[in-house]
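Observations on the model geometry
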Amino acid sequence: MQLIVSAGVILAIVLWGVIAPDSLDVLFQGALAVITRDFGWLYLWVVLGLVLFALVLAFSRYGDLKLGGEDDEPEFSIGSWFAMLFAAGMGIGLVFWGVAEPISHYGTPPPGIAARTPEAANAAMRYSFFHWGLHPWAVYSMVALAIAFFQFRKGGSALVSTAIQALPWTFVSRMGPLVNVLAVIATAFGVAASLGMGALQINSGLNALLGVPVGDASQVGIIVVTTVLFLASAVTGVAKGIKWLSNINLVLATLLALSVFVLGPTVVIIDTFTSTLGSYVSELVRMSLRMTPFRDSTWVGGWTIFYWAWWVSWSPFVGLFIARVSRGRTIREFILGTALAPSLAAFIWFSVFGGAALHLQIMQGVPIAEAVNADVATALFALFDALPMSGLLSGVATLLVLLFFVTSGDSATLVLGMMSTGGQENPGARVKIAWGLLISGIAISLLLAGGLKAVQTATIVFALPFTVVIVLMAIALWRGVRDDWNEEQRRERALRRRMRDLVEPPRAP
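Residues numbered from 1 in each chain as written. Predicted model: local features only at pLDDT ≥ 70, side-chain atom pairs only at ≥ 80, totals over all residues. Heavy atoms only, no water.

1. A look at unusual backbone geometry
Not every positive phi belongs to a glycine, and arginine 116 is a case in point at roughly 55°. Considering the arrangement of structural elements, one finds arginine 116 in the loop between α5 (91–107) and α6 (118–132). Here methionine 389, not a glycine, exhibits a phi torsion of approximately 55°, which is positive. Residue placement: methionine 389 occurs in the loop between α18 (379–385) and α19 (390–420). (Helix = DSSP H or I, 4+ residues; strand = E, 2+ residues; numbered from the N terminus.)

Shown next as C-alpha cells:
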C-alpha cells in the first residue's frame, strides 16, 4: 500500500512537471518562500541540536555501544566505508560547488559585508565551510545512527520509520507508513533532480574538453549512459560495484585536489585553510543561529536555510545507505567517521578549490566570477583554464563527476529497493533495475519539459515535515542508547557477582 501511494504521488507530480512545469514551479517556489520565511528558525535550531547531540553521543559513555551484536565485525574496511558514505553523502556537491560557492559569496556576501572585498573573501570561505561541514554531516549521521541502532541492536527493519515506531506514544508510532512514503518520494525526486542537474555539469565538462555541444540531446545521452553504468553497478551489489566505484572516486578526488594544491597557489591554500578553520570554529554558534529580522535580506534563507532543508530532504536516502554499510561499528567510531572526518575532508576541498579560485580572481584578475554568473556548472573548468595542464584536470574532473553520479545512482536504487521491499538489506536485481529506470525516466522527462528546478524545490518542501520526524528519531535514539547502556551495566554487575561467588569460598556458618 505504501509503495502504491508513493508511486501515485510521484507520478502525479512528474506529469504536472512535464505538462505544466511553470505552474508547478510557481506553486513550490511559493511554498518554499513561506517555509524559509516562517520556519527558518526551526531548521537552524534542529540542525544545531543534531550537531550537539552527535558530539555528546560520540564522547559520552554511550559511544562504546556497538551497532550489532558483541561478535559482529564491520563488513567493510575503514577506507572503503568512508569512500562509500562520502560518495553517497555529498561527493558530487563538493565537485559542483567547490569553486562556485566561494566565488558566489565573494560577489554577494552575507548581509553587512561589502562585496568583492577581503572581508567578503574571508566570509565566503567561512560560510562554505559552514554549509558543507559539521551541520549537514550531523543530520546524515544522526538519521543513519537511529536507523542502524534499531536495526542492528533491536532487530528492526531497514526503514526510516523503525526508530520512531520504537517510541511509546501510539499516535507517533502510527506515523510509520506516512514517514516511509515521504522518504520514498523525497529520495526519488532528489535523485532524479540530481541526475538532471549532473547531466548539465557533465555536458559543460565535455564541451570544455571535447567540444560536445550543450543541449537536450547531449544531456539525455549522458543520463542514459549514467543509468546503464549505475544499474550495472547496483546489480553487482554493495560489496562489489558500489564499493569499488566509491574507492575509485576517493582516489580520483584526492589526486585532483593534490594536483590543484601543487599547481595552484600552494601557500595561499594552506593559509586559507588555517585562517578559515579558525574563523569557522570561533563563529560557529553565531552562524548556526543567524537570522536577519531587522534587515530586508534573503541571503540566509537563500543559502543556509535552503541548504539545511536540502540536507534534511536527502537524509532518508543517505541515512539508510550509511546504516546499511555500518554494522559492527561502535557509536563513537560511527560518529567520528560520518560527521567529523567528512567535515575535515570538505574543509580541505574548499580550501584547495575555493582558496585557489578566490586568489586567482582577486590577485590575478582571472574572470572566474563572470563564469559563475554566466553558468555555475562551468565554474570548476574556469579555474582549470588558469592552471597548467588544464585539459588533463578538466578530463579528470569530468570523469569524477560521472563516477560520483554513478555511485549516487546505484546507492539510490539500493535504498529505494530497501524501502519498497519492507527493509530488505539486499533487494533483488529486478527491484533495483525498476527503480533505476524510473528515476532516470523522471530526470529525462523533467529535463526536456523544463521542470527539473520545480521538482528540486518540491523535494526541499517535503523536508519540513521530515524535520519533525528527525527530532522524533533523535528522541528514540537517546532513549534506546540509554536503556541499552543501563542493561549492559546490569549484566556486567551480575556477571561480576557470579565470578566473585565462584572465586570466594562460602563462609562457614
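2. Brief notes about the nonpolar core
By size, the foremost hydrophobic cluster in this structure holds 174 residues, and its most contacted members are Leu57, Ile335, Phe353, Leu383 and Phe384. Tallying contributions element by element places helix α15 (residues 299–324) first for this core, with 17 residues. In this structure phenylalanine 384 touches Leu256, Val260, Phe353, Ser390, Leu393, Ser394 and Ala397, once residues within four positions along its chain are discounted. (Core = buried A, V, L, I, M, F, W, Y, C linked by side-chain atoms within 4.5 Å. Buried < 20%, exposed > 50% of the residue type's maximum accessible area, 1.4 Å probe, protein only. Contact = heavy atoms within 4.5 Å.)

3. Here we look at the packing of helix α2 (residues 21–38) against helix α3 (residues 40–59)
Remark: α2 packs on α3, axes separated minimally by 4 Å, with the N-to-C direction vectors making an angle of 60°. With respect to each other, α2 and α3 are oriented oblique. Listed contacts from α3 to Ile35, Thr36 and Asp38 of α2 are Gly40, Trp41 and Tyr43. (Axes fitted to C-alpha atoms, helices over the stretch in contact; angles between N-to-C directions. Parallel < 35°, antiparallel > 145°, perpendicular 65-115°, else oblique.)

4. Examining the packing of aromatic side chains
Applying the stated rule across the entire model yields 25 aromatic pairs. Look at tryptophan 97 and tryptophan 303: their rings are 5.9 Å apart centre to centre, the planes differ by 80°, and that puts the pair in the edge-to-face class. Of this pair, tryptophan 97 sits in helix α5 while tryptophan 303 is found in helix α15, placing the two residues 206 residues apart along the sequence. The partly exposed category is assigned to tryptophan 97, whose relative accessible area is 23%. Residue tryptophan 303 is classed as buried on the basis of its relative accessible area of 18%. The ring of tryptophan 81 carries arginine 329 above its face, with NZ or CZ at 4.4 Å from the centroid. (Phe/Tyr/Trp six-rings, centres within 6.5 Å; stacked < 30°, edge-to-face > 60°. Lys NZ or Arg CZ within 6 Å of the ring centre and 35° of its normal.)

5. Side note on helix α10 (residues 176–210)
Taking 1.5 Å of rise per residue, 35 residues should cover 51 Å, and α10 covers 49 Å from first to last C-alpha, within 8% of that figure. Counted residue by residue, α10 has 26 buried out of 35 residues, so it is predominantly covered. Count one or two residues on from α10 and you reach glycine 211, which has phi positive near 75°. (Expected span 1.5 Å × (residues − 1).)

6. A word on a positive patch on the surface
A surface patch of like charges, here positive, comprises Arg493, Arg497, Arg498 and Arg500. Tracing the chain through its elements places arginine 493 in helix α22 (residues 463–503). By relative accessible area, arginine 493 is classed as partly exposed at 39%. (Patch = residues over 30% accessible without salt bridge, like charges linked within 9 Å, V, L, I, M, F, W, Y side chains within 5 Å. Areas by Shrake-Rupley, 256 points an atom, 1.4 Å probe, with all protein chains shown as cover. Salt bridge = Lys/Arg side-chain N within 4 Å of Asp/Glu carboxyl O. Lys, Arg positive; Asp, Glu negative; His and termini not counted. Charge placed at Lys NZ, Arg CZ, Asp CG, Glu CD.)

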